[in-house]
Protein chains: 2
Amino acid sequence: MNHRLIDVALGNSPADLVIKGGKLVNVITKEIYDTDIAVADGKIAAVGYIQEGAIGPDTKIVDAKGKYMTPGFIDAHIHFESSMLTMTEFSKMAIKHGTTGIASDLMEIAIVAGREGIEAIFDEVKDLPVKLHYPVPAFMSEEGGLQTIGAALYIEMVEELISYPQAVGLAEVLYPPILGHSPASERMLEAAAKNGKTAEGHAPALFAEKLNAYITTGIRSDHESTSAEEALDKLRRGLRVLIREGCAAADLEALLPMLTEHKVDSRHCAMVSDDIDMLHMHEKGHLDHKVRMAVNGGVDPIEAIQMVTINPAESLKIDDRCGIIAPGREADIVFLNDLATCDVDTVISSGKVVVEGGQVVVALEKKDYAPCLLNTVKLDHEITADELAVKVDPSAATAKVRVIGANATSLLTDDLEADLEVKDGIVQADVERDILNIACVERYGKGGSIGRSFIKGFGISKGAIATSMGHDHHNITVVGSNGEDMATAVNRIQELQGGLVITENGKVKYELPLPICGLVSDKDGVECAAILKQMQEDLSAKGCQMQSPFMTLAFITLIFIPMYGITDKGLVDVLQGKLVDPVISCK
Amino acid sequence: MNHRLIDVALGNSPADLVIKGGKLVNVITKEIYDTDIAVADGKIAAVGYIQEGAIGPDTKIVDAKGKYMTPGFIDAHIHFESSMLTMTEFSKMAIKHGTTGIASDLMEIAIVAGREGIEAIFDEVKDLPVKLHYPVPAFMSEEGGLQTIGAALYIEMVEELISYPQAVGLAEVLYPPILGHSPASERMLEAAAKNGKTAEGHAPALFAEKLNAYITTGIRSDHESTSAEEALDKLRRGLRVLIREGCAAADLEALLPMLTEHKVDSRHCAMVSDDIDMLHMHEKGHLDHKVRMAVNGGVDPIEAIQMVTINPAESLKIDDRCGIIAPGREADIVFLNDLATCDVDTVISSGKVVVEGGQVVVALEKKDYAPCLLNTVKLDHEITADELAVKVDPSAATAKVRVIGANATSLLTDDLEADLEVKDGIVQADVERDILNIACVERYGKGGSIGRSFIKGFGISKGAIATSMGHDHHNITVVGSNGEDMATAVNRIQELQGGLVITENGKVKYELPLPICGLVSDKDGVECAAILKQMQEDLSAKGCQMQSPFMTLAFITLIFIPMYGITDKGLVDVLQGKLVDPVISCK
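Computed from a predicted structure; not experimentally measured.

A. Region of interest: the overall build of chain A. Of regular secondary structure, chain A possesses 18 helices and 30 strands. Its C-alpha radius of gyration of 24 Å places chain A within 12% of the 25 Å reference for a compact globule of 587 residues. On the principal axes, the C-alpha backbone points of chain A span a range of 90 × 50 × 45 Å. Of all 587 residues assigned to chain A, the portion counted as buried reaches 66%. Of the roughly 19,000 Å² of accessible surface on chain A, 47% is carried by carbon and sulfur atoms. Put simply, chain A has 54 plus and 86 minus side-chain charges, and the middle of one group is 1 Å from the middle of the other.

B. Main features of the relation of the copies chain A and chain B. Structural alignment of chain A on chain B gives an RMSD of 0.0 Å, achieved by rotating through 180° and translating 0.0 Å along the axis. Those values place the two copies in the arrangement expected of a two-fold rotation axis. Taking C-alpha positions as the reference, the residue of chain A nearest the rotation axis is G196(A), at 2.9 Å. Looking at chain A, 100% of its interface residues are interface residues in chain B too, so the copies touch through the same face.

C. Representation of unusual backbone geometry within the structure. Put simply, P562(A) and M563(A) share a cis peptide bond, and its omega is 5°. Take M563(A): it is sitting in the loop between helix 18 (549-556) and strand 27 (564-567). With an omega of -15°, the peptide bond between H471(B) and D472(B) qualifies as cis. Mapping D472(B) onto the fold places it in the loop between strand 23 (464-467) and strand 24 (476-480). Not every positive phi belongs to a glycine, and M84(A) is a case in point at roughly 65°.

D. Inspection of the nonpolar core at higher detail. Among the nonpolar cores identified, the biggest contains 331 residues, and M258(A) and M258(B) are the most heavily contacted of them. Residues contacting M258(A), with those up to four places away along its chain left out, are A228(A), A231(A), L232(A), L235(A), V241(A), I243(A), K263(A), V264(A) and C269(A).

E. Inspection of the interface of chain A and chain B at higher detail. Contacts between the two partners involve 57 residues from chain A, matched on the other side by 57 residues from chain B. Taking both sides of the interface into account, the surface hidden between chain A and chain B amounts to around 4,900 Å²; carbon and sulfur atoms contribute 53%. Counting the surface chain A buries against chain B, the share from its top three residues, M1(A), R236(A) and R267(A), is 17%. If you look at where chain A meets chain B, you find 14 salt bridges. Note that R220(B) is salt-bridged to D320(A), the shortest N-O span being 2.9 Å. Where the side of chain A that touches chain B is concerned, the elements lending two or more residues are helix 1 (3-10), strand 2 (31-40), strand 3 (43-48), helix 5 (175-179), helix 6 (183-194), helix 7 (208-215), helix 8 (228-236) and helix 14 (310-315) of chain A. Top contributing element to the side of chain A that touches chain B by residue count: helix 1 of chain A, with 6 residues. Taken together, the residues of the side of chain A that touches chain B sort by class into 24 nonpolar, 16 polar and 17 charged.

F. Local environment of the sheet that holds strand 27 of chain A. Residue and element names in this part refer to chain A. Pairing in this open sheet of 3 strands is antiparallel, and the strands run 27-28-29 from one edge to the other. Looking at strand neighbours, the two that pair on one side only are strand 27 and strand 29 (578-580), the edges of this open sheet. In this sheet, neighbouring strand axes are inclined to one another by 45° on average, regardless of whether the strands run parallel or antiparallel. Relative to strand 28 (residues 570-573), strand 27 is paired through 4 bridges, and the arrangement is antiparallel. Counterpart to I566 in the pairing with strand 28 is L571.

G. How the structure looks around the pattern of salt bridges. Taken as a whole, this structure holds 76 salt bridges over all chains when the rule is applied. Ionic pairing is found between R240(A) and E314(B), a salt bridge with its closest N-O pair at 3.3 Å. Linking R240(A) in strand 12 (residues 240-244) with E314(B) in helix 14 (residues 310-315), this pair reaches from one chain into another. The residues R240(A) and E314(B) share a single accessibility class, namely buried. One salt bridge connects E89(B) with K92(B), and the closest N-O pair in it is separated by 3.2 Å. Of this pair, E89(B) and K92(B) both sit in helix 2 (residues 87-95), 3 residues apart, which is roughly one turn of the helix. The exposure class of E89(B) is buried, given its relative accessible area of 9%. A single network of salt bridges, built from pairs that share partners, joins R220(A), R240(A), R267(A), K317(A), E314(B), D319(B) and D320(B).

H. Representation of the pairing of strand 8 (residues 131-137) of chain A in the model. All names here are of chain A. Burial within strand 8 is extensive, with 7 of its 7 residues counted as buried. Pairing of strand 7 (residues 99-103) with strand 8, which is carried by 3 bridges, proceeds in the parallel orientation. Bridge pairing links A103 to H133 in strand 8. Pairing geometry for strand 8 and strand 9 (residues 167-174), over 4 bridges, is parallel. Across the sheet, V136 pairs through a bridge with L170, a residue of strand 9.

I. The arrangement of the sheet that holds strand 29 (residues 578-580) of chain B in detail. Residues and elements named next belong to chain B. The strand order across the open sheet formed by 3 strands is 27-28-29, and the pairing between neighbours is antiparallel. Every other strand in the sheet has two partners, leaving strand 27 (564-567) and strand 29 as the edge strands with one partner each. Direction aside, the axes of adjacent strands within the sheet are offset by 45° on average. Strand direction decides the pairing type here: strand 28 (residues 570-573) and strand 29, joined by 3 bridges, are antiparallel. If you follow D573 over to strand 29, its bridge partner there is K578.

J. Representation of the environment of L373(B) within the structure. All names here are of chain B. Structurally, L373 is set in the loop between strand 17 (359-360) and helix 15 (385-388). Given a relative accessible area of 4%, L373 falls into the buried group. Along the chain, L373 and G518 lie 145 residues apart, while their C-alpha atoms are 8.6 Å from each other. Discounting residues that sit within four places of it in the chain, L373 has contacts with I109, A113, G117, A120, I121, P515, I516 and C517.

K. Summary view of the environment of E245(A). All names here are of chain A. Mapped onto the fold, E245 is located in the loop between strand 12 and helix 9 (252-255). Note on E245: relative accessible area 8%, which makes it buried. In the structure, E245 is positioned 38 residues away from E283 in sequence and 14 Å away in space, judged by C-alpha atoms. For E245, the residues in contact, after removing those within four places along its chain, are A250, D251, L252, E253, V272, S273, I276, K290 and M293.

L. Structural context of helix 3 (residues 107-125) of chain A. In this model, helix 3 of chain A (19 residues) spans only 15 Å end to end at C-alpha, well below the 27 Å of a helix rising 1.5 Å per residue. Most of helix 3 of chain A sits out of view: 15 of its 19 residues are buried.

M. Quick peek at the side chain of S13(A). When you line up the elements, S13(A) lands in the loop between helix 1 and strand 1 (17-26). Excluding its chain neighbours within four sequence positions, the residues that come into contact with S13(A) are R4(A), D7(A), V8(A), G53(A) and A54(A).

N. A look at the environment of G451(A). Residue and element names in this part refer to chain A. As for its placement among the helices and strands, G451 is situated in strand 22 (residues 450-456). Sequence separation of G451 and E387 is 64 residues, and the distance between their C-alpha atoms is 9.8 Å. Ignoring sequence-local partners within four residues, the contact set of G451 consists of I438, A439, C440, I566, T567, D568, K569 and G570.

O. Region of interest: helix 2 (residues 87-95) of chain A. Within helix 2 of chain A, 8 of the 9 residues are buried, leaving the element largely enclosed by the surrounding structure. Among all positions in helix 2 of chain A, only M87(A), T88(A), E89(A), F90(A), S91(A), M93(A), A94(A) and I95(A) are buried.

P. Fine view of the state of the cysteines. All names here are of chain B. For the structure shown, the criterion picks out 0 disulfides over all chains. Here C269 stays free of any disulfide, with the sulfur of C342 as its closest cysteine sulfur at 18 Å. In this structure C269 comes out as buried when scored by relative accessible area, which is 1%. Among the cysteines around C372, which has no disulfide bond, C517 carries the closest sulfur, lying 6.8 Å off.

Cut-offs and rules
- Residues numbered from 1 in each chain as written.
- Chains lettered and ligands numbered in written order.
- Predicted model: local features only at pLDDT ≥ 70, side-chain atom pairs only at ≥ 80, totals over all residues.
- Heavy atoms only, no water.
- Helix = DSSP H or I, 4+ residues; strand = E, 2+ residues; numbered from the N terminus.
- Rg over C-alpha atoms; globule rule 2.2 N^0.38 Å.
- Buried < 20%, exposed > 50% of the residue type's maximum accessible area, 1.4 Å probe, protein only.
- Areas by Shrake-Rupley, 256 points an atom, 1.4 Å probe, with all protein chains shown as cover.
- Lys, Arg positive; Asp, Glu negative; His and termini not counted.
- Charge placed at Lys NZ, Arg CZ, Asp CG, Glu CD.
- Least-squares fit on C-alpha atoms with pLDDT ≥ 70 in both.
- Contact = heavy atoms within 4.5 Å.
- Core = buried A, V, L, I, M, F, W, Y, C linked by side-chain atoms within 4.5 Å.
- Buried area = accessible area lost by both parts, 1.4 Å probe.
- Salt bridge = Lys/Arg side-chain N within 4 Å of Asp/Glu carboxyl O.
- Nonpolar A, V, L, I, M, F, W, Y, C, P; charged D, E, K, R; others polar.
- Pairing = 2+ DSSP bridges.
- Axes fitted to C-alpha atoms, helices over the stretch in contact; angles between N-to-C directions.
- Expected span 1.5 Å × (residues − 1).
- Disulfide = S-S within 2.5 Å.

Written as structure tokens, this is what we have:
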């Protein structure tokens, strides 16, 4: 109970800011009408007619004439680290697109830098215009030896973190442990329920009886649907559907028929990013881009706005705080020049005007990074081409191998096979057929294990690409047509302390350093976007048809989405939950 | 995490009950389609195709062919005591109409029997098919000497009660203390927020700046709107609107244009009773009656069902538990023969079939009542006609008096005035003009104070009526054309230890004993309804045009709804918040 809000509402005290003349997009009633808004202490004190006494000599008046006013946009599921920017730079970029809140579990940072890393980000976000609603990662471990990570998150830590005021719930509760009656999952779910917080799901391609079983435990949402049928099945069974439109997982178009053809009530639907890089943000935007896509796809504009405001707020159980322009809520308000094109003009965050005419008008200072976030890439020797190769008996002429089938717009991979030539005991890539080598090098100074296999789908005719971002272990992953370029790329990442690298003819051709945890740049977002664009154009010229090859590569490493994942321990068969030999047979 | 639910969903363990062949009314997607449902441990384990392994030799199969299946109905704001039935009898009556959950603050019981009374009801409801979602009363006091009550609820008790698992939030947070920066209100709101629970509102005729100020504190809902404009104003500003259709406060028809003409999104609207007596339930029903009214008024049937299922569940933040037919939720399921007429055939509560063919098929045993609930009417002497009279200087010939203007369908009262004849210093009622005496007699053995005034609107040409139910103090209130009949009625209530009484010619003509706290009968609901009907018919024959005169009388005593309330301390001017003399002047 903020006494000043009451006084401002009653006209007994002047507001900090009064917005006049705008058209309110009411996401509760689905109406649009003229209203004024008074703000004090960063919160909305009054809507409608503003009392004369609420306007004093120091009250800032903002003219919203001709603008549509919506609540600040909320991304209910995004990993900010995938932008490859710090939270400060991410905010600078996202706020221009109307984003005032994100649910981000900081899992990538935590995998590398642990609990200390999480606290460092909590410090960084304190005064940012994009609020962090923190879902606590529901899993973060070496997964029974399937991968090596920098730091694990133990159940006791989850139980403590979820009681934090900024914690909104559990993030990405996996289904296999649930279906297997895991005591750890049980404890985490109990901690969430006890704190009145949500348990967000992660259920790719989960249907029928397994889906039912998963939902019985109180999971509230899922963001992994890749077809309208899958999404509708989940929605009908009580899961809130987070429609994902990311760089490497772009599901929005596929899911829209749920709304436009099946015409279901969208109250339990929201639009989210999961993973977008700074180039996507720079060129397309953030949630505004998804609103445009939905409207172009036939969704009513107010309904589309609901899916990035009130719906995500209700899904995260934070609608008492945000997602609505109403008294008592955070004064997070977006002015649009036009509703259907979601053209952001002004953004007010916690009562401060931070964007005007589409440009950020406040200084968002670069902060010092905590030591725990730096110097996290620890290879103990220079990697050689030989170490990255798949080896078999030298007498073999050919080998039948397992090949990861990468997908340009989905995180799902195919389990392919191929017959490859063997030379001197080394199984050869086949660039003609787009079957390349892939390797994953442990980078935490924990033994230096290397996983090896083959991959199809990147289409790179020469050279190699490597990244130190690879979910959910963030070891160094490299794909290439030859061992020399692969080794050069990996060693360059060691020198950069993390980054994206393209090599060709034994030399580094392009690089984007990511020195913070090996995940995030210390540079400006627009500058990074320009480099990433160059890199993508280079790969495209070499035959890669992926929209975001580095983002796709960062998910090839994930051992929770079928069919294959690769780690420093080797090739993982996701459905079996175990390592499999990349080589099936030789002859 | 219930392991058995997971096993049943997966088909690894037999369900307790499987429902086959029904048409699911999906309140999330607003679709209707065929589905089967499996139930275990009182909860829904699976929807859709039920695995063969989930059907064992002991699994009860329920045939729902041709029926519409909806979630059990939830009344988000009702005082069960107004039914004048015990929770057991209330359940017996309400369950036939599809009700499986109510939010009832037990405030009437608590005012009479205190904390001990609340605990007695918690004990009673444990195995009932109608679940109690308990909002903790946000106020319960002698209100600065404006009334005498049996027991007060202190802030420390509120803070403790709200942490109970059955507590869903605060009930009826009043606005005057909020606007006055009350520290007690602040503490209560903080306790609710800290526990992640709701703060339900009570804002009759609150508009504009005061409404804004009130909502800044995080109040979530209001049930006091009496016009579509008022309701729309609240809805737009972020309050969830509980559309009330009670005996004495029937607002549904007035509020419907908000949905049928303004066509706003109804996701934040629910339909509630506030106060209905057992006769209303017997003749009209409960939430099913409101669904019928809404559909007749032009609301889409599924939308009407949403307003008694998912919407109230989300409003109370209990949608993880109920309000939806989905895995993990309580197996509270209603079968309707027809959607538009909301004709209840079968009710399953916590997985047990409790109603079949519209009839209760389980025994709901009468329970022993805790001693604290009995013998609560404590007049220390027989009341005389003289004690109930309004007296002035014996030399006066006429008196100008304040008259409470009672309203048949609203709790709002008018502040009328009248000139009345004075005989021997006693101001005379004027039956011709329907200006009757009203008095309120303290009944807790705490001094026996008596408040007196006049009232218009009851239209009783002869005799008197009295009741020991009168919000929010529950002293004995009596209205009559003459002092003898009034005194006889009050004294009969003492003998009955509570009840409703009609007297005529100095004798008791009808009576309905309410020995539990002076509020609730120990008899069967249908039996009580027959008596109440007789009583209402008698009053009607005498000229009373009210639908529920006893219910209306029970709110004339309330000092929180403008303009007037009467207590044992006297006539209260609600807007001024103080006692006023019923006599303005004499001559």
